[in-house]
Structure formats: structure tokens, C-alpha cells
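Each chain, letter by letter, is given below.
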Amino acid sequence: MTPSIHPNSSKPFHHTVVVVPFGPSETVESILDTLDSVQRFLSPDTKVIMVDNSRKGTGNIIQQSIPQADVVQGTHQGMFAHLFLNICQGTAHAYERYGFKVLLRMDSDSLIIGE
């Protein structure tokens, strides 16, 4: 089946876009495990958007291993709603730049499993 064309045809189309926010307590290895499971079990054209709230440049380190992923620097820090606001930032990035059928939000320590 041919995917529908996004109304703004200048946007690249990906069947699935995955938004993965992470903070200062996440390890590079844990995030890479999550992204490896995305690459193994979702379609090859899946777009990954990482929302980096580590304040340590972790997203830039990960992007060296997965250069096709987008890194969005989380701008919201603090105790109240910062994770939600950073997820909104990553979701807005997806809507502004890509056409897609599925938007998946994953925790940085989650895995997609299957056969």
C-alpha cells in the first residue's frame, strides 16, 4: 500500500517517527540499546528524534553513532512539567519537519522486542 502524501509535500515522509526524551541520569549505553531495538524491529525508514535534556551533550555523543537521528536540545528544566514540555518540543519538531503515519514516544530505557 502506498502511504498517503503529507499535505505539505516538501516534508520527507517516514512511516514511523519515534521521539525519545532523556535526561541527565540516562547512560549512553542505555539510550543506544533503545535505539538499536528501534532499528532492528521497526521499518528502515523510521525517523528517530532524541530530546536531550541531559545538560551534558549526551545527544551529540549518540548522534555520532546514529547520524541520521535528529537531536533536539530540551530547553525546559526544573521540577514542574519539564519532561512534558520537552516531549512537546520533540513532537513539534516531528510535525514541523516530517510527514508520518505513526508517532511513537519511547522512554530512553525501553526496548521494542519481537521476532
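Residues numbered from 1 in each chain as written. Predicted model: local features only at pLDDT ≥ 70, side-chain atom pairs only at ≥ 80, totals over all residues. Heavy atoms only, no water.

Chemist: Pulling in residues and values, what's your account of helix 1 (residues 28–41)?
Modeler: Because an α-helix packs 3.6 residues into every turn, residues spaced three or four apart end up facing the same way. With 14 residues, helix 1 extends 20 Å between its outermost C-alpha atoms, agreeing within 8% with the 20 Å of an ideal straight helix rising 1.5 Å per residue. Within the sequence span of helix 1, burial applies to I31, T34, L35, S37 and V38. Seen end-on, helix 1 carries its buried residues on one side only, within an arc spanning 150°. Exposed residues lying more than 90 degrees from the buried face of helix 1 are E29 and R40. (Helix = DSSP H or I, 4+ residues; strand = E, 2+ residues; numbered from the N terminus. Expected span 1.5 Å × (residues − 1). Buried < 20%, exposed > 50% of the residue type's maximum accessible area, 1.4 Å probe, protein only. Arc of directions from axis to C-beta.)

Chemist: I'd love a proper account of the packing of helix 1 against helix 2 (residues 58–65), names of residues and values included.
Modeler: At their nearest, the axes of helix 1 and helix 2 sit 10 Å apart, and the two run at 45° to each other. By the angle between their directions, the pair helix 1 and helix 2 is classed as oblique. Remark: the crossing between helix 1 and helix 2 carries right-handed chirality. Each of V28, I31, L32 and L35 in helix 1 lies in contact with helix 2, whose residues at this interface are T58, I61, I62 and S65. Its residues placed into classes, the contact of helix 1 with helix 2 shows 6 nonpolar, 2 polar and no charged. (Axes fitted to C-alpha atoms, helices over the stretch in contact; angles between N-to-C directions. Parallel < 35°, antiparallel > 145°, perpendicular 65-115°, else oblique. Left-handed = near helix turned anticlockwise from the far one by under 90°. Contact = heavy atoms within 4.5 Å. Nonpolar A, V, L, I, M, F, W, Y, C, P; charged D, E, K, R; others polar.)

Chemist: Give me the pattern of salt bridges: which residues, what numbers.
Modeler: Summed over all chains, the structure comprises 4 salt bridges. Note that R97 is salt-bridged to E96, the shortest N-O span being 3.2 Å. Given a relative accessible area of 53%, E96 falls into the exposed group. We note a salt bridge from R105 to D107, for which the minimum N-O separation is 2.2 Å. (Salt bridge = Lys/Arg side-chain N within 4 Å of Asp/Glu carboxyl O.)

Chemist: Explain the sheet that holds strand 1 (residues 13–22) to me, and be specific about the residues and the numbers.
Modeler: Read from one edge of the open sheet, 4 strands run 3-2-1-4, paired in parallel fashion. Either end of the sheet is taken by a strand with one partner, and the two such strands are strand 3 (70–73) and strand 4 (99–105). Across this sheet, the average inter-strand angle for adjacent strands is 25°, counted without regard to direction. Note: strand 1 against strand 2 (residues 47–52), 6 bridges, orientation parallel. Bridge pairing in strand 2 places F22 opposite D52. Of the strands in this sheet, strand 1, strand 2 and strand 3 touch helix 2, which is tilted by about 155° from strand 2. (Pairing = 2+ DSSP bridges.)

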